[in-house]
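# Report on the structure
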Amino acid sequence: MFLLGKSIPDYIRNLPQTFLSTPFGQMIKPQIEAALRPVTQAPSTDVPSQPPAQIQPANKVIQVTNLTQLNHELNQASHSAAIIFFTSATCPPCKALYPLYDSLAEEAGSKATLIKVDISSAYDVAMKYGIKATPTFKTYLKGQETETWSGANASQLQGNIKLLIEMANPAHPHRKLDLPTFQRPIPASSYIQYKNTPPLDKLIQKLPQETRDNKTLTSITTFITNSIKSNDKIETPLPQDLPTYPTYIETLLKETPSAAHFAIIDLTRLLTLDPRVASYFASQNPPSTLLSLLSLSQSTQDTQDTQDKKETPYNQTLTTLHLLTNLLTTPLPTHTILNTPSLFSQTLNTLTTSLFHPNPKIRCAATSLAYNLTAQNHNSRIEGKGDIISEEDQVSLVAGLVEAIANEEESGEALRGFLMALGLVVYECAVGGEVEEVCRVLGSRETVLGKKKGGLFGGGEEGRKLEGLIGEVVGLVGFCS
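The following refers to the structure shown. (Residues numbered from 1 in each chain as written. Predicted model: local features only at pLDDT ≥ 70, side-chain atom pairs only at ≥ 80, totals over all residues. Heavy atoms only, no water.)

The next subject is the overall build of the chain. Scanning the chain from terminus to terminus reveals 22 helices and 5 strands. A buried classification covers 47% of the 481 residues belonging to the chain. Taking the contacts inside the chain whose residues are at least 6 apart along the sequence as the reference set, 73% of them involve residues at least 24 apart. On the chain, roughly 24,900 Å² of surface is accessible, and the fraction owed to carbon and sulfur atoms is 54%. (Helix = DSSP H or I, 4+ residues; strand = E, 2+ residues; numbered from the N terminus. Buried < 20%, exposed > 50% of the residue type's maximum accessible area, 1.4 Å probe, protein only. Contact = heavy atoms within 4.5 Å. Areas by Shrake-Rupley, 256 points an atom, 1.4 Å probe, with all protein chains shown as cover.)

Shown next, in the form of structure tokens:
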């Protein structure tokens, strides 16, 4: 008002709600609410220092005041571990253990539920469990009571809780192996991205003459040029006609000859280097543009293969692999690809067929896509969230990678990529599951071990790294056997 003599326009004030209404906004809304909760929730007027009783972070001690609440918490922990600390308001030894118990709860996180019950007020709990002295502790494993003890012995408390958590969450056997490459999360900065920019004028020349003066195409090339010039892509203003881009790209794919499809795919790759644009394309429901880029490209490739495999142009497959590799570095596109069955099926098909392409550039690009894809699944396992790729699809990946390793006699770079992807998909796979079984049936240990004699190491540091990687993967897949 001071500067302009009028209030903030509605379209500005409504931006937060507009953003939260998008698919991406809906996906991250819980994280935003959790981050803002301490700010937006007013403290109690009676006891300002106490947070609302119903809010219990997962890594904090849960305060229980009655039997119904206790039964609920134990039921919630029936598939993991739970510890009950029976205390009372008049127990100094209990209070001495409170800081330790709080820190143990933070260390346990979601692996165990740590509960505290004050029996001086929770009479029904004291009667149900026959608690006559404090401090008293009870532990539960998978819903079954395992141990009860009394006394303020800090070492005993710490040791018993650590043992209980280990029993409830046994370490995967792979963690006992010496595998430094795989025993850590893959940082986002290590994901592979294809950022190379071809001369835009030459790329546009690949399109039919009648399409080159289209205003949407001009807008696309202008945005790409501005993004290239900017050191920070987020600072590049998004074009106002961005909503027209997906439809325009789909129309181009349908109306231009197949020989020009690689140029359209590469333009899309350059556009989606900006994570905002990539998320916009992925927020379509369904993601029709991405589906068109894959399905039309795949059908054309199949037709050409049938006619004459030797004359099949590889540029279309190469640009498709580059596009998919880039998309799997951004949260929303990754989520869209993995959770749209038709899109993921075509992605996996493009990847597995490219592992055996006669051109080494295609095979190297396929390893980049395989690396980003398996790294996402690997990180989810390491973080305790489970697989994001089904076991059936993991089996397909393993089978393709093992065969690709066996066949690779030309490119050390491709071999390194195959080995990394195989290690990432196998590390911490289900014990006794189908992935272990396919490794055993295919003789993957012997296949990987045989590459030590393949002459693809080269010399110097790179050769030693490749040899070390082969050693790690041999140990990993050999353990599966």
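To continue, consider the side chain of Lys116. Its location among the elements puts Lys116 in strand E3 (residues 113-118). An unpaired buried charge is present at Lys116: no salt bridge exists, and Asp102, the closest side chain of opposite charge, is 4.4 Å distant. (Lys, Arg positive; Asp, Glu negative; His and termini not counted. Salt bridge = Lys/Arg side-chain N within 4 Å of Asp/Glu carboxyl O.)

Turning our attention to the packing of helix H9 (residues 215-229) against helix H11 (residues 261-271). Axis separation between H9 and H11 bottoms out at 10 Å; the angle between their running directions is 45 degrees. One way to sum up the angle between H9 and H11 is to call them oblique. Classified by chirality, the crossing of H11 by H9 is left-handed. Here Leu217, Ile220, Phe223 and Ile224 of H9 come into contact with H11, specifically with Leu267, Leu270 and Leu271. Across the contact of H9 with H11, the residue classes break down as 7 nonpolar, no polar and no charged. (Axes fitted to C-alpha atoms, helices over the stretch in contact; angles between N-to-C directions. Parallel < 35°, antiparallel > 145°, perpendicular 65-115°, else oblique. Left-handed = near helix turned anticlockwise from the far one by under 90°. Nonpolar A, V, L, I, M, F, W, Y, C, P; charged D, E, K, R; others polar.)

Take the nonpolar core next. Within the largest apolar cluster, 89 residues are counted, with the highest numbers of intra-cluster contacts made by Leu271, Leu351, Leu373, Val398, Leu419, Leu422 and Val426. Core analysis: the second largest hydrophobic core is formed by 22 residues, Phe85, Leu104, Ala112 and Leu164 among them. (Core = buried A, V, L, I, M, F, W, Y, C linked by side-chain atoms within 4.5 Å.)

Time to look at unusual backbone geometry. Note the cis peptide between Thr134 and Pro135, where omega equals 0 degrees. One non-glycine residue, Lys142, lies in the positive phi region at around 55 degrees. Turning to its location among the elements, Lys142 is positioned in the loop between strand E4 (136-141) and strand E5 (144-150). Using a relative accessible area of 43% as the deciding quantity, one classes Lys142 as partly exposed.

The next subject is the packing of helix H18 (residues 391-407) against helix H20 (residues 434-441). For the pair H18 and H20, the least separation of the axes is 9 Å and the interaxial angle reads 20 degrees. The angle between H18 and H20 falls in the class roughly parallel. As H18 packs across H20, the resulting crossing turns out to be right-handed. Contacts from Glu391, Gln394, Val395 and Val398 in H18 reach Glu434, Val435, Val438 and Cys439 in H20.

Moving on: helix H5 (residues 92-108). In a regular helix each residue adds 1.5 Å, so 17 residues correspond to 24 Å; H5 covers 25 Å between its end C-alpha atoms and thus fits that length. Of all the bends found along H5, the most pronounced is centred on Tyr98 and spans about 35 degrees, while Pro99, a proline, follows it within four residues. Every buried residue of H5 is listed here: Cys94, Leu97, Leu100, Tyr101, Leu104, Ala105 and Ala108. Against strand E2 (81-87), E3, E4 and helix H7 (154-168) lie the buried residues of H5. Phi turns positive one or two residues past the end of H5, at Gly109, with a value near 60 degrees. (Expected span 1.5 Å × (residues − 1). Bend = angle between axes of the 7 residues up to and from the residue.)

So, about the state of the cysteines. With the rule as written, the count across this model stands at 1 disulfide. The disulfide partner of Cys91 is Cys94, and the gap between their sulfur atoms is 2.3 Å. One quick way to see it: the torsion about the S-S bond of Cys91 and Cys94 is about 75 degrees, and its sign makes the bridge right-handed. Take Cys91 and Cys94: they sit in the same class, and that class is buried. (Disulfide = S-S within 2.5 Å.)

For the rest of this paragraph, the subject is the packing of aromatic side chains. Counted according to the given criterion, the structure contains 6 aromatic pairs. Taken together, the ring pairs connect Phe85, Tyr98, Tyr101, Phe137 and Trp149 into an aromatic cluster. (Phe/Tyr/Trp six-rings, centres within 6.5 Å; stacked < 30°, edge-to-face > 60°.)

Next up on the list: helix H14 (residues 315-327). A rise of 1.5 Å per residue sets the reference length of H14, with its 13 residues, at 18 Å; its end C-alpha atoms lie 18 Å apart and thus fit the reference within 8%. The buried fraction of H14 is high, at 12 of 13 residues.

To continue, consider the sheet that holds E5. On the basis of which strands lie adjacent, the open sheet formed by 5 strands has the order E1-E3-E2-E4-E5 and mixed pairing. The strands lining the two open edges of the sheet, one partner per strand, are strand E1 (62-64) and E5. Adjacent strand axes in the sheet meet at a mean angle of 20 degrees when their direction is disregarded. Examined bridge by bridge, E2 and E3 share 6 bridges and lie parallel to one another. (Pairing = 2+ DSSP bridges.)

By the definition in use, this model includes 11 salt bridges. One salt bridge in this structure joins Asp266 and Arg269, with 2.6 Å as the shortest N-O distance. Of the two residues, Asp266 and Arg269 both sit in helix H11, 3 residues apart, roughly one turn of that helix. Of the two residues, Asp266 and Arg269, both sit in the buried class. Of the charged contacts in the structure, one is a salt bridge between Glu409 and Lys451, with a shortest N-O distance of 3.4 Å. Taken together, the positions of Glu409 in the loop between H18 and helix H19 (412-426) and Lys451 in the loop between helix H21 (444-450) and helix H22 (460-480) put the pair 42 residues apart, joining distant regions of the chain. Look at the salt bridges and you will find they share partners, linking Arg363, Glu408 and Glu410 into a network.

Function-wise, these values are silent; they only describe arrangement.
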